[in-house]
Amino acid sequence: MPRILFVVSEAHPLIKTGGLGDVAGSLPVALAARRTDDLRLLLPAYPEAVARAGQLKTLARFSVDGLASPVRLLQGRLPGTRVVTWLVDFPPAYDRPGNPYLDARGLPWPDNAVRYALLARTAVMLALGQLPIAWRPDIVHCHDWQTGLVPALLAQEKNRPATVFTIHNLAYQGLFPRDTFNLLGLPAALWSIDGLEFHGQLSFLKGGLAFADRLTTVSPGYAREIQTPEFGAGLDGLLRHRADRLSGILNGIDDKTWNPARDPLLVRRYSAHRLRDKTPNKLALQREFELPVNPEIPLIGMVGRMVHQKGIDLLLETLPGLMHRPIQLAILGSGEAGYEEALRVQAKRYAGQLAVRVGYDERLAHRIEAGADMFLMPSRFEPCGLNQIYSLRYGTIPIVRRVGGLADTVTDATEAKLKAGEATGFVFDDARGGALLASVDRALALQKNPRRWKQMMLTGMRQEFSWRHSAAQYLALYKQILREKNRKP
Ligand code: ADP
Ligand code: GLC
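Residues numbered from 1 in each chain as written. Chains lettered and ligands numbered in written order. Predicted model: local features only at pLDDT ≥ 70, side-chain atom pairs only at ≥ 80, totals over all residues. Heavy atoms only, no water.

Asker: What should I look at first to understand the domain arrangement of the chain in this one?
Answerer: How big an interface is tends to be stated in terms of the accessible area lost upon association of its parts. Once the domains are mapped, the chain shows domain 1 (4-252 + 468-487) and domain 2 (275-463). Spacing between the C-alpha centres of domain 1 and domain 2 amounts to 32 Å. Contacts between the two partners involve 21 residues from domain 1 and, on the opposite side, 17 residues from domain 2. Summing both partners gives a buried area of about 1,300 Å² for domain 1 against domain 2, and 56% of it is carried by carbon and sulfur. The tally of links from domain 1 across to domain 2 stands at 1 salt bridge. (Domains from an automatic or database assignment. Contact = heavy atoms within 4.5 Å. Buried area = accessible area lost by both parts, 1.4 Å probe. Salt bridge = Lys/Arg side-chain N within 4 Å of Asp/Glu carboxyl O.)

Below is the structure:
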């Protein structure tokens, strides 16, 4: 079995801001279950992660060029699992409260380049056997821009493990001024358009895209999309150039945490066999959101980061039309202050029909998935999306835009798909209010046919979204890379 070093900036339940944390907290567990026991999860020692990682022991103490004090590597476990977790402890970089990437005002920490370069340097030292630790990986699996320097730095070395870089979101690129490149003491050869330079700036993301032995995205659809100008964020040329190294592997979910039959956060647990028990969750949600408590009114839920990606502007534009329908809308999210404020204002205007909770609340996210009849994701782009998968699992019909992983996971309720018993939700094409509204209308019309509606709920609930298939695909990819590497002279 290959030895894998999994390098990432967040992992649930140690620390999470979005789907990346979900994936990093569950894929390693699935890989370990497939007897890839030799996996180490590496992330920064944020205070929250330190507090949750159980008993920690110091594995190594080492110095890094340019740092005045030593760095420590702490060893713990991913809570509730056997996954060995290594935390890079350097208090000046990581010992600060709150969001791992943003300060209290929602702005990126000014020293993010230094913070994630340190994570990368540690990964590289581990990978090259430069730390007093006997374990060395065969493969270093990196995720998103925070780890982009790892493949770039390792590519400069002869005797090195193979690298995989997974793109969870191309929109976050880790761009910094040219001066930062000098400040980080990166090899001069990396400053080129074939390297880390992106229109005169330093791009951490390009380090992964240009230098990793293999690139993956979190859905097959997104792997195709990012090779086009519309979704390529200026990097589609590079991605087309690397197309033979790029593939999409659909995210799985932690189907123990997200299981309505066992979810301790619900007021009543339910399953495909006990669908009736979903209703108490709806009533409780209406109560919690201070909406009229009535099982007959269609309740639409939404959970997510309030950013451009998620189509919040589209929702705002559509609100007057939506609020004309006999529906309730319950929203949980946080993100850009402008969107948060706009939604708060609208919630006052449409009190009793639209309810908004601004903040991050794991418990409420579960209760919305369970209590809503439908779940809305009008994303402009969506590399995979996990919430629509949770919705399918919870018998909550997703209404989504036909992009990325949303298109890969939700089957539109066309007449043919309904007849075939394959429909699981509603999918619309245009990023326009009219299209969103039309799909909500289709949903409301179909909900009046209880037999078909129930069939659709059950079809979604019975699908398998565990990591079983996808973990096997990652493992096959790891093995293929190693075979290729061994063949090379
Ligand atoms: P992204 O990673 O782009 O944010 P995903 O759909 O892949 O989108 O994953 C989002 C994850 O973060 C889900 O587990 C979702 O429940 C969670 N999440 C997002 N916003 C919130 C919030 N405000 N409160 C609780 N959980 C949230
Ligand atoms: C990103 C994407 C999201 C994806 C998640 C996990 O944050 O925005 O679509 O599900 O990563 O891969």
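Continuing now.
Asker: So what exactly am I meant to see when it comes to the site of ligand 2 here?
Answerer: Around ligand 2 lies a shell of 14 residues, among which His168, Asn251, Glu382, Cys384 and Gly385 are the nearest. At a separation of 2.8 Å, an oxygen atom of ligand 2 approaches a polar backbone atom of Gly385. Here ligand 2 loses 94% of its free accessible area of 310 Å² to cover by the protein chains. For the shell around ligand 2, the element with the highest residue contribution is helix 1 (residues 19-33), accounting for 3 residues. Broken down by class, the residue content of the shell around ligand 2 amounts to 6 nonpolar, 6 polar and 2 charged. (Near = heavy atom within 4 Å. Polar contact = N/O pair within 3.5 Å; in protein donor to acceptor, adjacent residues only side chain to side chain. Areas by Shrake-Rupley, 256 points an atom, 1.4 Å probe, with all protein chains shown as cover. Helix = DSSP H or I, 4+ residues; strand = E, 2+ residues; numbered from the N terminus. Nonpolar A, V, L, I, M, F, W, Y, C, P; charged D, E, K, R; others polar.)

Asker: Hey, could you run me through the sheet that holds strand 9 (residues 197-198) in this one?
Answerer: Across a sheet, paired strands are connected by hydrogen bonds in the backbone, their directions being either parallel or antiparallel. If you walk across this open sheet you meet the 3 strands as 8-10-9, and the pairing is antiparallel. The open sheet terminates on both sides in strands that have one partner only, identified here as strand 8 (175-176) and strand 9. Pairing of strand 9 with strand 10 (residues 201-203) involves 2 bridges; the strand directions are antiparallel. The residue of strand 10 that forms the bridge with Glu197 is Leu202. Its contacts with the sheet put helix 7 (residues 204-211) on strand 8, strand 9 and strand 10, and the angle it makes with strand 10 is roughly 55°. (Pairing = 2+ DSSP bridges. Axes fitted to C-alpha atoms, helices over the stretch in contact; angles between N-to-C directions.)

Asker: Quick question: what am I supposed to make of the packing of helix 1 against helix 19 (residues 468-487) here?
Answerer: Pairs of packed helices are described in terms of their axes, by the angle between the two and the distance that separates them. Here helix 1 crosses helix 19 at 70°, and the two axes come no closer than 9 Å. Comparing their axes, helix 19 and helix 1 come out roughly perpendicular. Here helix 1 contributes Leu27, Ala30 and Leu31 to the contact with helix 19, which in turn contributes Ala471, Tyr474, Leu475 and Tyr478. Classifying every residue of the contact of helix 1 with helix 19 by side-chain character gives 7 nonpolar, no polar and no charged. (Parallel < 35°, antiparallel > 145°, perpendicular 65-115°, else oblique.)

Asker: Sorry if this is basic, but what is going on with unusual backbone geometry here?
Answerer: Excluding glycine, residues mostly carry a negative phi; peptide bonds, for their part, are mostly trans. His12 connects to Pro13 through a cis peptide bond whose omega is 0°. Of note, Pro13 is situated in the loop between strand 1 (4-7) and helix 1. For His199, which is not a glycine, the phi torsion comes out positive at approximately 50°. Looking at the secondary structure, you find His199 in the loop between strand 9 and strand 10. Non-glycine residue Ala233 carries a positive phi angle of around 50°. One can find Ala233 in the loop between helix 8 (220-225) and helix 9 (236-241).

Asker: Help me out: how do you make sense of the nonpolar core in this one?
Answerer: Counting residues in each nonpolar core, the largest one holds 172 residues, and the members touching the most others are Leu42 and Phe204. Here the element with the most residues in this core is helix 4 (residues 112-127); it accounts for 11 residues. Counting contributing residues, this core receives three or more from each of domain 1 (4-252 + 468-487) and domain 2 (275-463). The residues touching Phe204, leaving out its near neighbours within four places in the chain, are Ala113, Tyr116, Ala117, Trp145, Gly148, Leu149, Gln173, Gly174, Phe176 and Leu184. (Core = buried A, V, L, I, M, F, W, Y, C linked by side-chain atoms within 4.5 Å. Buried < 20%, exposed > 50% of the residue type's maximum accessible area, 1.4 Å probe, protein only.)

Asker: How do you make sense of the pattern of salt bridges when you look at a structure like this?
Answerer: Side chains that differ in charge, positive against negative, can pair when their charged atoms come close. In total, this model carries 29 salt bridges according to the counting rule given. Between Arg245 and Asp244 there is a salt bridge; the shortest N-O distance is 4.0 Å. The shortest N-O distance in the salt bridge between Arg245 and Glu484 comes to 3.6 Å. Placement of the pair is Arg245 in the loop between helix 9 and strand 12 (246-248) and Glu484 in helix 19, with a sequence separation of 239 residues. Note on Arg245: relative accessible area 25%, which makes it partly exposed. Bridged by salt links that share partners, the residues Arg214, Asp244, Arg245 and Glu484 form one connected network.

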